[in-house]
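Residue-level structural notes
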Amino acid sequence: MESNSRCLHCTRPNPKAQLRLFCFHHAGGSSTVFHAWRERLPDHVELWVVRLPGRGDRAGESPLKRIAPVVQEVSEALVPFLKEPFALYGHSMGAAIAFETARLVRRQHGAQPTRLLVSSCQAPQRLHFTLPTYNLPEAEFIEELRNLKTTPQPLFDDPRLLLMMLPVIRADVELLQTYEYLADAPLDCPITVFGGLQDQVVKLAGLMGWRKQTTAQAILHLLPGDHFFLNSYQQPFLELLSAELKASIPRYNGVQAQRQAAWVIH
């Protein structure tokens, strides 16, 4: 199935897929971070990426600085796909967007993903910032990004690219730091959480808080690495992701039913 929306793109069409996976990237990133996944996911999964304004094919558009319009656009684009099994995955900022998309789709269309998968992100009810940094002067803002280690190091190794991407990064940080969690009923779909054991920003308590956002199972995988363990530990991570997606397909409900809340260290 094709999408008429600018924000959704299928990187690996698969007419025989039993599940569509929609992926949301981190702050300052783009949908290209998921292109390496195309040949590494199971045959029963069709990979889709969410393309936000300000980068890639949408570079001519101004990046959005609030989460609400992003979530509204994505949820509207998902409407043609809601009658068949789908899962949402988000990394860091993308996790918050994926979560709010799942809630909006439930609220407006009565549909939910078969599974929500998130990584390197505090549970939404714990996601608040007492001292915003998105409005710092350029030099201070860059230093703050460097210290937080939530921006991939290669970007700092290329000053010209960093300066070119800075408006997008600043907008994404503002989107995240102005996010306001509003309490609502937990999702009914399972939630799988991934975290890096050496992540200095997202702590264990923040990851475990995701269990409050579902009435179903909650699985937490802790893997070697920092905020971007999904790059440094990519193959083992994708194997775990693939197993979680397999458990999300309706025909494998027997596997899903046997799994309860769990905490796994790899």
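Residues numbered from 1 in each chain as written. Predicted model: local features only at pLDDT ≥ 70, side-chain atom pairs only at ≥ 80, totals over all residues. Heavy atoms only, no water.

**Describing the pairing of strand β1 (residues 8–12)**
Worth spelling out the cut-off: Note on exposure labels: buried denotes an accessible area under 20% of the residue type's maximum, exposed denotes more than 50%, and partly exposed covers the range between, all computed with a 1.4 Å probe on protein chains only. Helix and strand definitions follow DSSP, with helices as H or I runs of at least four residues and strands as E runs of at least two, each counted in order from the N terminus. Paired strands, as defined in this entry, are two strands with at least two bridges between them according to DSSP.
For β1, the buried fraction is high: 4 of the 5 residues fall into the buried class. As paired strands, β1 and strand β3 (residues 45–50) are joined by 4 bridges and run antiparallel to one another. Each residue of the ladder has a partner; that of Cys10, found in β3, is Trp48.

**Some remarks on the packing of aromatic side chains**
In plain terms, the rule: Aromatic rings from Phe, Tyr and Trp, taking only the six-membered ring of Trp, are treated as a pair when their centres fall within 6.5 Å; an angle between ring planes under 30 degrees marks them as stacked, one over 60 as edge-to-face, and anything in between as tilted.
Under the defined criterion, the tally for this structure stands at 12 aromatic pairs. Judged by centre distance (6.5 Å) and plane angle (75 degrees), the rings of Phe22 and Phe86 are edge-to-face. Linking Phe22 in strand β2 (residues 19–24) with Phe86 in strand β4 (residues 86–91), this pair joins segments that are 64 residues apart in sequence. Each of the two residues, Phe22 as well as Phe86, counts as buried.

**Details of the confidence of the model for the protein**
Operational definition: On a range of 0 to 100, pLDDT expresses the predictor's confidence in each residue. We call two residues in contact whenever any of their non-hydrogen atoms come within 4.5 Å of each other.
Looking at the protein, pLDDT values average 90 and 92% of them are 70 or higher. Segment residues 252–259 is flagged for pLDDT under 50; beyond a separation of four residues in sequence, or across chains, it makes 13 contacts in the model.

**As for the layout of surface pockets**
Going by this rule: Points on a 1 Å grid over protein atoms alone make up a cavity when a 1.4 Å probe fits among them but cannot get out, and a pocket when they form an open set with protein on both sides within 12 Å along at least five of seven lines; lining residues each have an atom within 4 Å of a point. Grid points are joined across faces, edges and corners, and a volume is the space filled by probe spheres set on the points. Three residue categories are used. Nonpolar comprises Ala, Val, Leu, Ile, Met, Phe, Trp, Tyr, Cys and Pro, charged comprises Asp, Glu, Lys and Arg, and polar comprises the others, including Gly.
Each pocket or cavity is described by its volume, and for the largest pocket that value is around 490 Å³. Only α3 (138–148) and α5 (159–177) provide two or more residues apiece to the lining of the largest pocket. Per-element accounting of the lining of the largest pocket gives the leading share, 4 residues, to α5. Considering only residue class, the lining of the largest pocket consists of 13 nonpolar, 10 polar and 2 charged. Around the second largest pocket sit 20 residues that line it, and His26, Gly28, Gly29, Val33 and Pro152 are the ones nearest its centre.

**Notes on empty space enclosed by the protein**
One pass over the structure, following the stated rule, counts 2 cavities of 30 Å³ or more. Along the lines of polarity and charge, the residues of the lining of the second largest cavity split into 5 nonpolar, no polar and 2 charged.

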